[in-house]
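# Inside the fold
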Amino acid sequence: MLKAMAKDAGFLKHTRITNHSVRKLLVQKLRNANISPTETMAITGHKNVQSITNYSNISVEQQQK
């Protein structure tokens, strides 16, 4: 199912898309959009803040601020 969704979204064939990678990308995008950790947890289904902290690398843009 995920493979079909990635194809429909126009992802490149050589890009490895997994549930884990999509979830990590979502956490990073939410963090970059200044969404609070509790809201992010509600969206992603994570049970504790440490889980999303592990996923959410600080972007270069955030580091520059």
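Residues numbered from 1 in each chain as written. Predicted model: local features only at pLDDT ≥ 70, side-chain atom pairs only at ≥ 80, totals over all residues. Heavy atoms only, no water.

You'll find the protein entered in an unreviewed UniProt entry as Tyr recombinase domain-containing protein, with Dreissena polymorpha given as the organism.

## Comments concerning the side chain of Thr 44
Its place among the elements puts Thr 44 in helix α3 (residues 37–44). Not counting residues within four places of it along the chain, the set of residues in contact with Thr 44 comprises Arg 23, Leu 26, Val 27, Leu 30 and Ile 52. (Helix = DSSP H or I, 4+ residues; strand = E, 2+ residues; numbered from the N terminus. Contact = heavy atoms within 4.5 Å.)

## Examining α3
Within α3 the residues assigned to the buried category are Thr 40, Met 41 and Thr 44. Buried positions in α3, seen along its axis, are confined to an arc of 100° and lie on one side of it. Among the exposed residues of α3, those pointing more than 90 degrees away from its buried face are Thr 38, Ala 42 and Ile 43. Buried positions along α3 lie against α2 (19–32) and α4 (49–55). (Buried < 20%, exposed > 50% of the residue type's maximum accessible area, 1.4 Å probe, protein only. Arc of directions from axis to C-beta.)

## Description of the layout of surface pockets
Its boundaries defined by the atoms lining it, the second largest pocket holds a volume of some 180 Å³. Lining the second largest pocket, in full, are Leu 2, Met 5, Ala 6, Ala 9, Phe 11, Ile 17, Ser 21, Val 22, Leu 25, Leu 26 and Lys 29. Listed by contribution, the elements that provide at least two residues to the lining of the second largest pocket are α1 (2–9) and α2. With five residues, α2 is the largest single contributor of residues to the lining of the second largest pocket. Taken together, the residues of the lining of the second largest pocket break down into nine nonpolar, one polar and one charged. (1 Å grid on protein atoms, 1.4 Å probe; cavity = no way out; pocket = protein on both sides within 12 Å on 5 of 7 lines; lining within 4 Å. Points joined across faces, edges and corners; volume = space filled by probe spheres on them. Nonpolar A, V, L, I, M, F, W, Y, C, P; charged D, E, K, R; others polar.)

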